[in-house]
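For reference, the chains in residue letters:
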Amino acid sequence: MTKKKRKFGEILSNDLRAFPIIVGLAVLGVFFSAQSDVFLTSRNLSNLLLQSTVVGIMALGIMFVLLVKEIDLSIAAINGVTAVLMAKLIVEFGFSPWVAIPFAIAVGAVIGGISARWVTFVGVPSFVVTLGLGLALNGVQLLLLPQTSRYGLMGTGVENIAQIKLAGFAAWGIFALGLACFAILVFSSVVRRQRHGLETSIVTSLLLPISGAALFGAIVVSILNAHQGIPLVVLIFAVLLAIGGYVLKETQFGLYLYAVGNNDEAARRAGIKVHHIKMAAFAIAGGVAALAGVIAASRTLGVGVFTGGGVGGGTLLLESIAAAVIGGVSLFGGRGSIHAALLGCLVIGTVQNGLNLMGVENEVRLIVTGLLLVLAVSVDKLIEKATGQQSF
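Residues numbered from 1 in each chain as written. Predicted model: local features only at pLDDT ≥ 70, side-chain atom pairs only at ≥ 80, totals over all residues. Heavy atoms only, no water.

1. Notes on the overall build of the protein chain
Looking only at helices and strands, the protein chain has 16 helices and four strands in total. In terms of C-alpha radius of gyration, the protein chain reaches 21 Å, essentially the compact-globule figure of 21 Å for 392 residues. Once the C-alpha set of the protein chain is aligned to its principal axes, its extents read approximately 70 × 55 × 40 Å. Contacts in the protein chain between residues far apart in sequence, at least 24 positions, make up 78% of those at least 6 positions apart. Carbon and sulfur atoms make up 69% of the accessible area of the protein chain, which totals about 19100 Å². (Helix = DSSP H or I, 4+ residues; strand = E, 2+ residues; numbered from the N terminus. Rg over C-alpha atoms; globule rule 2.2 N^0.38 Å. Contact = heavy atoms within 4.5 Å. Areas by Shrake-Rupley, 256 points an atom, 1.4 Å probe, with all protein chains shown as cover.)

So this is what it looks like as structure tokens:
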């Protein structure tokens, strides 16, 4: 009896970590659909998903930093300054978006790597370094802007990122291709585990993930197809989630991220180059934040003082970190799955969208989002206490 209970605790604290979040998301959906007839329409759900992508992409990036037990408070500033830099290169210097966008993403990655190097070399806490860096980047952003304090991007080609949508057979073709790739990866993972003599359940390790992904994907594609199709922005987010999931679960680098987050001293003694792993994590967060800035700029058709959440990061910084934590990433390192970015941004997006349809003021939406963050961490902590697997 004791053995069976311990096994359930392990499943609850690991494989079913996302279960309370999914239940909470379902409850929110039922509540808001009862409050507004518009909430469950394909148009609104498509807009909800589209509006959640920037925060979701930012949460995906900050997740890598949280996994190594660090924090990056400059990601919103990186988002803003790189977007403005991209716009400046295109509008003032005539660069092609095919050149300006990759350059902006590379700059974001370099900024992230530099801040991590300062943290690891000097020993200053990442909280202080990235907070100061964020403020400095806010100043650089203002310096890069013209006297009008805004660059318009209409007609530059950047706006196509937010406007392109794949509908009909093209959407289903993308879905089939993505599902096939996911099934191959899951199958190869199961085969590899069996080859090494590890206990593997075909049902929970193979059939459930594939059938769950197929069902979820089919529902999403059906909803999006009912309203113009799959936005390119959503497709980019999906690809980033797939790449991130593969890196975390199937690569040595992913294993090192968790090892460093759980115990950096033990990882160092095991031969892992902790400094390099942390620099890579910060660089990923910076590059992903820059990409999110490009996508946000394409949606607003321009950049300005408001880009990146404005001075101090505004709600963008807080929502990005909140999305990752609400999705199940530990603030104390070493734990979190790639679905955290998706679930977290959907929770925040659902709350904001639903309250907006109800005509609730922005102040209340911020209060609710903050309370959800506290509630998510509290539930996570209670699960750890109940299962005897506390991480902090």
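From this point, things continue past the structure.
2. Section: the side chain of K278
With respect to the element layout, K278 can be found in helix α13 (residues 274-300). Here K278 is in contact with V68, E70, A116, T120, V260 and D264, once residues within four sequence places are set aside.

3. Focus on the packing of helix α3 (residues 42-67) against helix α15 (residues 339-357)
Where α3 contacts α15, the axes come no closer than 8 Å and their chain directions differ by 135°. The angle between α3 and α15 falls in the class oblique. With respect to the hand of their crossing, α3 and α15 are arranged in right-handed fashion. Across from N44, L48, L49, Q51, S52, V55, G56, A59 and L60 in α3, the residues of α15 making contact are A341, C345, L346, G349, T350, N353 and L357. Partitioned by chemical class, the residues of the contact of α3 with α15 number nine nonpolar, seven polar and no charged. (Axes fitted to C-alpha atoms, helices over the stretch in contact; angles between N-to-C directions. Parallel < 35°, antiparallel > 145°, perpendicular 65-115°, else oblique. Left-handed = near helix turned anticlockwise from the far one by under 90°. Nonpolar A, V, L, I, M, F, W, Y, C, P; charged D, E, K, R; others polar.)

4. Some words on the side chain of Q141
Inspection of the secondary structure assignment puts Q141 in helix α6 (residues 126-144). Setting aside anything within four residues of it in sequence, one finds Q141 in contact with A77, G80, V81, V84, G304, V305 and T307.

5. Quick notes on α3
Each full turn of the α-helix corresponds to 3.6 residues, which orients residues three or four apart in the same direction. When the terminal C-alpha atoms of α3 are compared, their 35 Å separation across 26 residues agrees well with the 38 Å that a helix rising 1.5 Å per residue should span. Its maximal kink placed at T53, α3 deviates by approximately 40°. Across the 26 residues of α3, 22 count as buried, placing the element largely inside the fold. (Expected span 1.5 Å × (residues − 1). Bend = angle between axes of the 7 residues up to and from the residue. Buried < 20%, exposed > 50% of the residue type's maximum accessible area, 1.4 Å probe, protein only.)

6. Concerning unusual backbone geometry
Only a minority of non-glycine residues have a phi that is not negative, and only a minority of peptide bonds are not trans. Even without a glycine there, the phi angle at K69 is positive, about 65°. Tracing the backbone through its elements, the reader meets K69 in the loop between α3 and α4 (75-91). Positive phi is not limited to glycine here, since Q228 has a value of about 75°. Residue position: Q228 is located in the loop between α9 (202-225) and β3 (230-231).

7. Brief notes about the confidence of the model for the protein chain
Fine structural detail should not be taken from predicted coordinates in areas where pLDDT scores are low. Here the protein chain shows a mean pLDDT of 86. Residues at 70 or above account for 92%. Within the model, pLDDT remains below 50 along residues 1-6, and this stretch shows zero contacts once partners closer than five positions in the same chain are excluded. (pLDDT = per-residue confidence, 0-100.)

8. Structural notes on the packing of aromatic side chains
Scanning all chains against the criterion turns up three aromatic pairs. Relative to F39, the ring of F32 has its centre 5.8 Å away and its plane inclined at 40°; by these criteria the two rings are tilted. For the pair F32 and F39, a shared accessibility class is recorded, and that class is buried. Note on W172 and F175: the rings are 5.7 Å apart at their centroids and 80° apart in plane angle, and the pair reads as edge-to-face. Of the two residues, W172 and F175 both sit in helix α8 (residues 169-195), three residues apart, roughly one turn of that helix. (Phe/Tyr/Trp six-rings, centres within 6.5 Å; stacked < 30°, edge-to-face > 60°.)

9. Digging into the pattern of salt bridges
As enumerated under the stated definition, the model contains four salt bridges in all. Residue R268 pairs with E265 through a salt bridge whose shortest N-O separation is 2.8 Å. Here the residue R268 and the residue E265 both occupy positions in helix α12 (residues 264-269), the gap between them amounting to three residues, near one helical turn. R268 gets classed as partly exposed once you look at its relative accessible area, which sits at 36%. Sharing partners across several salt bridges, the network here consists of E265, R268 and R269. (Salt bridge = Lys/Arg side-chain N within 4 Å of Asp/Glu carboxyl O.)

10. Let's talk about helix α10 (residues 232-250)
Between its terminal C-alpha atoms α10 stretches 26 Å, which fits the 27 Å expected from 19 residues at 1.5 Å a residue. For α10, the full list of buried residues reads V233, V234, F237, L240, L241, G244, G245, V247 and L248. For α10, the buried positions fall inside an angular range of 165° around the axis, keeping them on one side. (Arc of directions from axis to C-beta.)

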